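# Geometric and topological summary
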Amino acid sequence: MPALNVEFSDRELEDLRQIAKERGTSMKALVREAAAADIARHRALQEGAEAFRRFFASHADEFAAAFPEDEPSAAGEGRVA
């Protein structure tokens, strides 16, 4: 399995040791779990954003009608250069 060396400050390393000890796990497992959780969170946010974009695009006319003040004005219309 590929590996990654990660550097920590002395304080961070001590905190990791303490947390791992409190949880009854290894530092390696603790760091791996944190990274895996962040990867899962990132993927979920990407999927959620994509679902929102699809929903918004499929209901663009309804949003435009409900919030006309948020629609961009026609090119140059009402704008002062």
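To start, this report covers the structure provided alongside it. (Residues numbered from 1 in each chain as written. Predicted model: local features only at pLDDT ≥ 70, side-chain atom pairs only at ≥ 80, totals over all residues. Heavy atoms only, no water.)

Here the focus is helix α1 (residues 10–23). Along its 14 residues, α1 runs 20 Å from first to last C-alpha, staying within 8% of the 20 Å computed at 1.5 Å per residue. Directly after α1, the chain includes G24, whose backbone phi takes a positive value near 70°. (Helix = DSSP H or I, 4+ residues; strand = E, 2+ residues; numbered from the N terminus. Expected span 1.5 Å × (residues − 1).)

Approximately 470 Å³ is the volume attributed to the largest pocket. Residue classes in the lining of the largest pocket are distributed as 12 nonpolar, 1 polar and 2 charged. (1 Å grid on protein atoms, 1.4 Å probe; cavity = no way out; pocket = protein on both sides within 12 Å on 5 of 7 lines; lining within 4 Å. Points joined across faces, edges and corners; volume = space filled by probe spheres on them. Nonpolar A, V, L, I, M, F, W, Y, C, P; charged D, E, K, R; others polar.)

Topologically, D10 is positioned in helix α1. Taking the C-alpha atoms as reference points, D10 and A66, separated by 56 residues in sequence, lie 55 Å from one another.

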